[in-house]
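If you want the building blocks of each chain, they are given just below.
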Amino acid sequence: GFYGRNKLCKAILMTEPEELDYTKHIHKINLNLTDEWQRMSDNKKKLILQIFGVKESTVELLNRKKVILFTNPYSADGLITLNEQIQIYTDILAKYNKEEVVIKPHPRDNIYYRKYFKDYFVFDISMPSQLLNLVGPKFRTAIAICSTAVFDFDYPIEIDWIGTKIHP
């Protein structure tokens, strides 16, 4: 069952300490992902990145970028058209240096961003943003319309929170 509602569940691993009604009944083990990652051997880190299909050269490229845009699956969810979504991100990215930008599509976002943003680095590997944070890039700015991924960084970062005002 969900949230430890199974008689075999002894505890829940939590990455954020919080007490929610549906978890009050079970023991929680709080993990600091940054600390856990730093304690891992290099071989274990490489294995985890290999599982997600992340190459060392990709990590090196990410480390040179300063701005990350987190997309959302608005057109995939039927909220707007593909063209509207591309135009929204085109308008947002216009104020940034394309050499500094990483576009990180949401896992359910099915737009092939490399087609529309040829001059940008598109990190279209499906992996949690928490892991991206652990891999090492230290971005200056995170851009999102309303993606909570911008809150996963464990260092000071400017958040360009566009909000839903971008489209009616």
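Further up the page is the structure itself.
All values derive from a computational prediction rather than experimental measurement. (Residues numbered from 1 in each chain as written. Predicted model: local features only at pLDDT ≥ 70, side-chain atom pairs only at ≥ 80, totals over all residues. Heavy atoms only, no water.)

### With respect to the overall build of the protein chain
For the protein chain, the helix and strand inventory stands at six helices and seven strands. Put simply, the protein chain runs from its N terminus to its C terminus through helices and strands in the order β-β-α-α-α-β-α-β-α-β-α-β-β. Along the first, second and third principal axes, the C-alpha atoms of the protein chain reach 50 × 40 × 30 Å. Residues counted as buried form 42% of the 168 residues belonging to the protein chain. Sequence-distant contacts in the protein chain: of pairs separated by 6 or more residues, those separated by 24 or more amount to 49%. Carbon and sulfur atoms provide 53% of the accessible area of the protein chain, an area that totals close to 10400 Å². For the protein chain, the separation between the mean place of its 23 positive charges and that of its 21 negative charges on side chains is 4 Å. (Helix = DSSP H or I, 4+ residues; strand = E, 2+ residues; numbered from the N terminus. Buried < 20%, exposed > 50% of the residue type's maximum accessible area, 1.4 Å probe, protein only. Contact = heavy atoms within 4.5 Å. Areas by Shrake-Rupley, 256 points an atom, 1.4 Å probe, with all protein chains shown as cover. Lys, Arg positive; Asp, Glu negative; His and termini not counted. Charge placed at Lys NZ, Arg CZ, Asp CG, Glu CD.)

### Concerning the pairing of strand 1 (residues 11–14)
Residue alternation in strand 1 divides its side chains into a buried set, Ile-12 and Met-14, and an unburied set, Ala-11 and Leu-13. In this sheet, strand 2 (residues 27–30) lies alongside strand 1 in parallel orientation, the contact comprising four bridges. What sits directly across from Met-14, in strand 2, is Asn-30. (Pairing = 2+ DSSP bridges.)

### Brief notes about the pairing of strand 3 (residues 67–70)
Of the two faces of strand 3, both are covered, the one formed by Val-67 and Leu-69 as well as the one formed by Ile-68 and Phe-70. As paired strands, strand 3 and strand 6 (residues 141–144) are joined by four bridges and run parallel to one another. Bridge pairing links Phe-70 to Ala-144 in strand 6.

### Focus: the packing of aromatic side chains
Applying the stated criterion to the full structure yields eight aromatic pairs. With a centroid separation of 6.1 Å and 65 degrees between ring planes, the pair formed by Tyr-89 and Tyr-113 is classed as edge-to-face. Of the two residues, Tyr-89 is situated in helix 4 (residues 82–93) and Tyr-113 in helix 5 (residues 113–116); the sequence distance between them amounts to 24 residues. Here Tyr-89 matches Tyr-113 in class, with each residue buried. Among the aromatic side chains, those forming a connected cluster through ring pairs are Phe-70, Phe-139, Phe-153 and Tyr-155. (Phe/Tyr/Trp six-rings, centres within 6.5 Å; stacked < 30°, edge-to-face > 60°.)

### Topic: the sheet that holds strand 6
Whether parallel or antiparallel, the strands of a sheet pair through hydrogen bonds between backbone atoms. With parallel pairing, the five strands of this open sheet are ordered in space as 5-4-3-6-7. The sheet terminates laterally at strand 5 (121–122) and strand 7 (158–161), the two strands that pair on one side only. Bridge analysis of strand 4 (residues 101–104) against strand 5 gives two bridges, and the strand direction is parallel. Bridging from a neighbouring strand, Val-102 pairs with Phe-121 of strand 5. Contacting strand 3, strand 4 and strand 6, helix 4 crosses the sheet at an angle of about 160 degrees to strand 3. (Axes fitted to C-alpha atoms, helices over the stretch in contact; angles between N-to-C directions.)

### Here we look at the side chain of Thr-58
Within the fold, Thr-58 resides in helix 3 (residues 56–62). Once you skip the residues sitting within four places of it in the chain, Thr-58 turns out to touch Phe-121 and Phe-123.

### Comments concerning the nonpolar core
Counting residues in each nonpolar core, the largest one holds 25 residues, and the members touching the most others are Ile-68, Phe-123, Phe-139 and Phe-153. Mapped by element, the contributors of at least two residues to this core are helix 2 (42–52), helix 3, strand 3, helix 6 (129–135) and strand 6. Here this core gets four residues from one element, more than from any other, and that element is helix 6. Non-local contacts of Phe-153, meaning those with residues more than four positions away in its chain, are made with Ile-68, Phe-70, Asn-133, Phe-139 and Ala-142. Core analysis: the second largest hydrophobic core is formed by 20 residues, Leu-69, Val-122, Ile-145 and Ile-162 among them. (Core = buried A, V, L, I, M, F, W, Y, C linked by side-chain atoms within 4.5 Å.)

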